[in-house]
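Remarks on the overall topology
What follows is each chain in one-letter form.
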Amino acid sequence: MHMADALISPLVGGVMWAASAGITVYSASKLKAGGDDRIVPLMGVLGAFIFAAQMINFSIPGTGSSGHLGGGMLLSILLGPYAAFLTLASVLTVQALFFADGGLLALGCNIFNLAFFPCFVAYPLIYRPIAGTQPTGKRVVAGSLVAAIVGLQLGAAAVVLETSLAGISELPFGTFLLLMLPIHLAIGIVEGLLTAAVVSFVGSARPDILTVAASSRQPARHGGGRLLAGLLLLSALTGGLFSWFASPQHDGLEWAIFHSTGRETLPTPVTDAHSLAAALQDRTALLPDYGFRQAAESGDAAAAGNVAGTGEETGKAWPDVNAGTSVSGLLGATISMLLAGLLGFILLRLRQRP
Amino acid sequence: MARIDASSSNLSYLDGLAYRDSPIHRLDPRVKLITTLLFIVCVVSFNKYELSALLPFAIYPVILLALARLPPRYLLRHLLLAVTFALCIGLFNPLFDRATLLHVGSIEISGGWISFASIMLRFVLTVSAALILVASTGFDSLCLALARLGAPSPFVVQLLLLYRYLFVLVDEAMRLSRARSQRSFGRRGMELSVVASLLAQLLLRTLDRAQRIYLAMQCRGFDGEVRLLRPLRIGASDVLFLSGWTAILLGLRLRDSAPALGQAIGALLPW
């Protein structure tokens, strides 16, 4: 579920970083405005608890595999959305830094997928209406089950969307979605049941904790509305940006479009706005398309002839093969890597000598 | 169980590495953080079929690894532990992208395999850069850098407290887990209900601990702010490090030096 740096583009990573940073700043200011500094050590220790809880695994009924607690829903129930978001963000940061679960650039995506959806969507919109402020056993179970499932489904869908927009993975959008959603449905059911069991246990052993959490730290209504409006604006902006910048490599979306309309691309209405966008895209493309695809489609035979020719002709002139990774490029890259390794080795030796 | 022990010992080992001394360890954490982010953005910004231009970027982790005197074998083990997601998703590329892009002699290599290799290369580069950052800086200094770069203070405080209690609670969870496995011979005790009560016990202990910590902090005059009193100073070596690597990384990003080098070497080889 943690996205890796290797599978995203700078644009996707950057936009999601901005979104997550924005929510972090917002949550932090909300927390400061709350003025309850009891929550500071509580958040710290509960974040560490999430790590610790992930070390106690259990067998998933009906399968041979084992799973562990994710913790997003549990933290939201115990801490309220703002503190839970900050706590989950800190957990994900430590995971990215120390366990290489996800990367530094993908951290924005991961915080958004794994912390935003449970804390700001599933908890206020699903858990609280079902479970209410005075939770009885069954309502807690139903609430945390449904909320955990929805939170994880949204997160999984976001992973698919971000991966497809980045265009590094070849997995078609629809296939990837069909792969991710059922897996995360199973994970969500287990997560929900576990959350419900832990919450019920705490509720029977120390009911004061849950009532304090439910009464004092519920989200302010209009504040949530403003956040939602800001996010809608952000997503609209993001969508616009994505469609401008990253279109040449949208294999996933193109695949979905191809299968739903029978055409590779949707018929483009020729309007001023579209030609402007196209011109802007040509002008500002962050990732200029190397001649790879074109070589594969149009000049495949020529490129093949060129590369095959290098073997036969003597190497006096290395032909400029229009396939991004030419043999000379790979040779040069390997040599430069060997040089780097040699340099590192020498540096290591020099440092060890004195 | 083996995975738990491994990740726990990894954590403390990585923490220990940060207390060593080297020219890289002595650099300002802000400089290292920014350089690492720049490196990752440069690596990730290539198109998905790029291989040759990515390989020279290995110079950054290799040189930092050597200068910071970090053990390479440890880094490799860490890479192997973390590789699953990128590997699983990346392996679909050869399945879906079968258009032949490269001919080496009579062997046809499809675009999917090239982009898969590119993904794996990106993975190794970005993850090793991040691991080197942590191993040569330490978590406290990184938090300090984040605070100075404008991260909201509740978040920085949260990171610091989380890290402080991570080791304590992980030890506690490992004790619970070990006690369970010793009583269950690896078979019973894995049911959801048992795990739920174990987790709830751990949670109750955690909450009690939070209460004790809060009282102790209040006795010492805690007012909601954690003050970081370590001076950070940008020196000449920091400026040199940042500007040097910025020049090298941008140079490698903008100009693919590999083909030129390959041509030069190729001209020397007798074929």
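What counts as what
Residues numbered from 1 in each chain as written. Chains lettered and ligands numbered in written order. Predicted model: local features only at pLDDT ≥ 70, side-chain atom pairs only at ≥ 80, totals over all residues. Helix = DSSP H or I, 4+ residues; strand = E, 2+ residues; numbered from the N terminus. Buried ≥ 20, exposed ≤ 12 C-beta atoms within 10 Å, placed from the backbone. Contact = placed C-beta atoms within 7 Å. Domains from an automatic or database assignment. Nonpolar A, V, L, I, M, F, W, Y, C, P; charged D, E, K, R; others polar. Pairing = 2+ DSSP bridges. Core = buried A, V, L, I, M, F, W, Y, C linked by C-beta atoms within 7 Å. Expected span 1.5 Å × (residues − 1). pLDDT = per-residue confidence, 0-100. Axes fitted to C-alpha atoms, helices over the stretch in contact; angles between N-to-C directions. Left-handed = near helix turned anticlockwise from the far one by under 90°. Parallel < 35°, antiparallel > 145°, perpendicular 65-115°, else oblique.

Some details on the overall build of chain A
The helix and strand inventory of chain A stands at 14 helices and 2 strands. In chain A, which comprises 354 residues, the share counted as buried stands at 48%. Sequence separation of 24 or more characterises 74% of the internal contacts of chain A that already satisfy a separation of 6 or more.

Concerning the overall build of chain B
Across its full length, chain B carries 12 helices and 2 strands. Taken from N to C terminus, the helices and strands of chain B fall in the order α-α-α-α-α-α-β-β-α-α-α-α-α-α. Split into buried and exposed, the 271 residues of chain B put 42% on the buried side. Of all intrachain contacts in chain B linking residues separated by at least 6 positions in sequence, the fraction that spans at least 24 positions is 76%.

Points about the domain arrangement of chain B
All names here are of chain B. Per the domain assignment, the segments making up chain B are domain 1 (1–151) and domain 2 (153–229). Its C-alpha centre places domain 1 at a distance of 30 Å from the equivalent point of domain 2. Counting residues at the interface gives 11 residues for domain 1 and 12 residues for domain 2. Secondary-structure elements contributing two or more residues to the side of domain 1 that touches domain 2 are α1 (2–17) and α8 (139–148). Examining the composition of the side of domain 1 that touches domain 2, we find that 6 residues originate from one element, α8, more than from any other. Here the side of domain 1 that touches domain 2 is built from residues that sort into 8 nonpolar, 2 polar and 1 charged.

Remarks on the pairing of strand β2 (residues 107–110) of chain B
Bridge analysis of strand β1 (residues 100–104) of chain B against β2(B) gives 4 bridges, and the strand direction is antiparallel. Along β2(B), the bridge assignment pairs Thr100(B) with Ser110(B).

Looking at the nonpolar core
Residues Phe85(A) and Leu199(B) are the most contacted members of the largest nonpolar core, which totals 165 residues. No other element matches helix α5 (residues 107–131) of chain A, which puts 15 residues into this core. Setting aside chain neighbours within four positions, we find Phe85(A) in contact with Ile23(A), Ser27(A), Ala115(A), Phe116(A), Cys119(A) and Phe120(A).

Focus on helix α10 (residues 192–219) of chain B
Residue and element names in this part refer to chain B. Taking 1.5 Å per residue as the helical rise, α10 with its 28 residues ought to reach 40 Å, and the 40 Å between its terminal C-alpha atoms agrees with that figure. Buried residues of α10: Val-195, Ala-196, Leu-198, Leu-199, Ala-200, Leu-202, Leu-203, Thr-206 and Ala-210, and no others. Just downstream of α10 lies Gly-221, where phi reads positive at about 85°.

Section: the confidence of the model for chain B
Looking at chain B as a whole, its pLDDT mean stands at 82, while 90% of the residues score no less than 70. In the predicted complex, the global pTM is 0.75; the interface-specific ipTM is 0.84.

Considerations on the packing of helix α3 (residues 72–79) of chain A against helix α7 (residues 173–205) of chain A
Residue and element names in this part refer to chain A. Interaxial distance between α3 and α7 falls to 9 Å at its minimum, and their mutual angle equals 35°. Considering the relative orientation of α3 and α7, their crossing is right-handed. Packed against α3, whose contacting residues are Met-73, Leu-74 and Ile-77, the element α7 presents Glu-191, Thr-195, Val-198 and Val-199 at the interface. Class assignment for the residues of the contact of α3 with α7 results in 5 nonpolar, 1 polar and 1 charged.

A closer look at helix α1 (residues 10–34) of chain A
For α1(A), with 25 residues, the first-to-last C-alpha span of 35 Å sits near the 36 Å given by 1.5 Å per residue. Directly after α1(A), the chain includes Gly35(A), whose backbone phi takes a positive value near 70°.

Notes on the environment of Gly90(B)
The topology assignment puts Gly90(B) in helix α5 (residues 84–90). Separated by 82 residues in the primary sequence, Gly90(B) and Glu172(B) have C-alpha atoms spaced 37 Å apart.

With respect to the environment of Asn10(B)
Residues and elements named next belong to chain B. The topology assignment puts Asn-10 in helix α1. Asn-10 sits in the partly exposed class, given 17 other C-beta atoms within 10 Å. Asn-10 sits 64 residues away from Tyr-74 along the chain, and the two C-alpha atoms are 9.0 Å apart.

Describing unusual backbone geometry
Residues and elements named next belong to chain B. With phi around 55°, Arg-69 is a residue other than glycine that occupies positive phi space. Within the secondary structure, Arg-69 is located in the loop between α3 (59–67) and α4 (72–82). The class of Arg-69 is partly exposed, set by 18 C-beta atoms lying within 10 Å.

Let's talk about the environment of Asp37(A)
Residues and elements named next belong to chain A. Along the chain, Asp-37 falls in the loop between α1 and α2 (39–53). The exposure class of Asp-37 is partly exposed, given the 17 C-beta atoms found within 10 Å. Between the C-alpha atom of Asp-37 and that of Ser-76, which follows or precedes it by 39 residues, the distance is 18 Å.

Regarding the confidence of the model for chain A
Residues and elements named next belong to chain A. Confidence in the prediction of chain A, expressed as mean pLDDT, is 70, and 57% of residues score 70 or more. The secondary structure element of chain A with the lowest average pLDDT is helix α12 (residues 292–297), at 38, and the one with the highest is α5, at 91. Within the model, the stretch residues 239–271 combines pLDDT values under 50 with 43 contacts to residues more than four positions away or in other chains.

With respect to the packing of α5(A) against helix α6 (residues 137–166) of chain A
Residues and elements named next belong to chain A. For the pair α5 and α6, the least separation of the axes is 8 Å and the interaxial angle reads 150°. Put simply, α5 runs roughly antiparallel to α6. You can see that α5 and α6 cross each other, and the crossing is right-handed. Here the contact of α5 with α6 is composed, by residue class, of 20 nonpolar, 5 polar and 2 charged.

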